[in-house]
Amino acid sequence: MYEKVRLKAPLFIPLIIIFTIAAALSIYTLYKLQQSQITDETLRLTTEYHKFKNFFVSKEIEYYQNIIDTLMQDKTIITHFKNNNQEALLSYSKQLHHKYIQSHNISHFYFIKPDKKVFLRVHRPSDFGDTINRFTLNQAEQSLSMQSGIEIGTFKNFTLRVVAPWIIENKLIGYIELGEDSHDISQKITELLNIDYMITINDSHLDKELYIQQLLQNNQPNFWGDFNHFKIVHASNPILPRTHKDLLHKIENDPSQNFFEINQNNKNYHASTFFIYDVSGTEVGKTILLRDTTKVTKELYNFIYYTVMVTLTLMLVLIIIYLFIVSRVETIIDTSRDKLAYLNNHLKEEVNRKTAVLQELTQNLEIRVEEEVKSNLDKESLIAKNA
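Definitions and limits used
Residues numbered from 1 in each chain as written. Predicted model: local features only at pLDDT ≥ 70, side-chain atom pairs only at ≥ 80, totals over all residues. Heavy atoms only, no water. Core = buried A, V, L, I, M, F, W, Y, C linked by side-chain atoms within 4.5 Å. Buried < 20%, exposed > 50% of the residue type's maximum accessible area, 1.4 Å probe, protein only. Helix = DSSP H or I, 4+ residues; strand = E, 2+ residues; numbered from the N terminus. Pairing = 2+ DSSP bridges. Axes fitted to C-alpha atoms, helices over the stretch in contact; angles between N-to-C directions. 1 Å grid on protein atoms, 1.4 Å probe; cavity = no way out; pocket = protein on both sides within 12 Å on 5 of 7 lines; lining within 4 Å. Points joined across faces, edges and corners; volume = space filled by probe spheres on them. Nonpolar A, V, L, I, M, F, W, Y, C, P; charged D, E, K, R; others polar.

Chemist: What's the story with the nonpolar core in this structure? I'm lost.
Modeler: A general feature of soluble globular proteins is that nonpolar side chains tend to end up buried together. In terms of nonpolar packing, the biggest core is built from 47 residues, with L71, F111, F158, W166 and I176 touching the most fellow members. By residue number, the principal contributor to this core is helix α1 (residues 8–72), which donates nine residues. With 15 residues, the next largest nonpolar core counts F230, L247, I288 and L290 among its residues.

The structure is reproduced here in structure tokens:
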């Protein structure tokens, strides 16, 4: 009898190893692809933010230009401005400003004299008489044409400004400037994209007293001592600078990095950053876009978990099928070998029996031949004697 065939043990362990490695690599690849899609979506939202901002800014500038053209032709405004009647001009302009705030969030409204001294800030009438030395106004003065762009204001807000020289009968009588806090535009865009944002200004462009004064006026927390190179001037949610201080320190310590992944308070976030340049091309700060990826990350982990469970189940089913098939094959091989062994033994017995019969026949034949030869010799001997 032959030894029974054992195929399961020699093949089982290598197959399990190969299948486990293949499954693990597949799941890991799937995980990385899904994770890459989450990152790509964050980068796509960043690109969309830029597109929307450029679109909104261009539309706002166009709208402000039309308003300024209308204001410059308003006879009441011209009369009060020429007569230096600040009180009458304020009373008349306040109603217009209120309307503009409601329609397009115009937060800054200036009447400026030819020497660039502020005659009236409609949005802050108690503050006047100072000389403005901003890039947009200087460009308007030099070119005698309407200028626009984002600049840092007195209180260190990023403001979209449109300023135009006011020319009556070929004579420059002053300038009219309208502006909107650029964070209002950012707020609209991030709400549309369902993300958060923070805006920083480099310390070199900040005045500590004005910065703290602005924070107090807006009931915002003071971040002056928290960071060494920049300060938070606005955020979509006031608590973000506090809850994401670790992220802000990472951004400060690695300014060349523009993408961050953070885990905080059992939540996952992606952050993308990019520099802010004012209208003169000077780098003045950064915009930080923050996307809460907790939900999609959890969905990814659930997907991987269920994929692993399904893979293990399939693996178990395949193992059972493998063991069943291999057991059948072992049984068939063992049965066939037993039959072959039986036939082999039977054949040997038959050959031995036939060989024994043949040997017996051969012996009998030899005896008969010997007897026949002996008989013939006897006959020859007898004939010889008789002869």
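From this point, the narrative continues.
Chemist: When you look at the sheet that holds strand β6 (residues 196–202) in this model, what are you seeing that I'm missing?
Modeler: Two strands in a sheet stick together by hydrogen bonds in their backbones, pointing the same way (parallel) or opposite ways (antiparallel). Taken together, five strands build an open sheet; the order of strands is β7-β6-β10-β9-β8 and the sheet is antiparallel. Looking at the sheet topology across the chains shown, the edges are occupied by β7 (230–235) and β8 (259–264). Neighbour-to-neighbour, the strand axes of the sheet open up by a mean angle of 30°, direction not taken into account. For strand β9 (residues 267–277) and strand β10 (residues 283–292), the ladder comprises nine bridges, and the chain directions are antiparallel. Residue pairing in the sheet places T273 in a bridge with I288 of β10.

Chemist: Explain empty space enclosed by the protein to me, please; I cannot follow it from the model alone.
Modeler: Empty space among the atoms becomes apparent when a probe as large as a water molecule is rolled across them. For the structure on display, the rule yields three cavities of 30 Å³ or more. When its volume is computed, the second largest cavity comes out at roughly 40 Å³. Forming the boundary of the second largest cavity are T42, L45, T46, I195, S272, L289, L290 and R291. Listing elements by their share of the lining of the second largest cavity, those giving two or more residues are α1 and β10. Along the lines of polarity and charge, the residues of the lining of the second largest cavity split into four nonpolar, three polar and one charged.

Chemist: Any chance you could explain the sheet that holds strand β1 (residues 108–112) here in plain terms?
Modeler: If you trace the five strands from one edge of the open sheet to the other, you get β2-β1-β5-β4-β3, paired in antiparallel fashion. Edge positions in the open sheet fall to β2 (118–121) and β3 (147–152), since each of these has one partner strand only. With strand direction ignored, the average angle separating the axes of adjacent strands in the sheet is 25°. As paired strands, β1 and β2 are joined by three bridges and run antiparallel to one another. Residue pairing for β2: I112 is matched across the bridge by V118.

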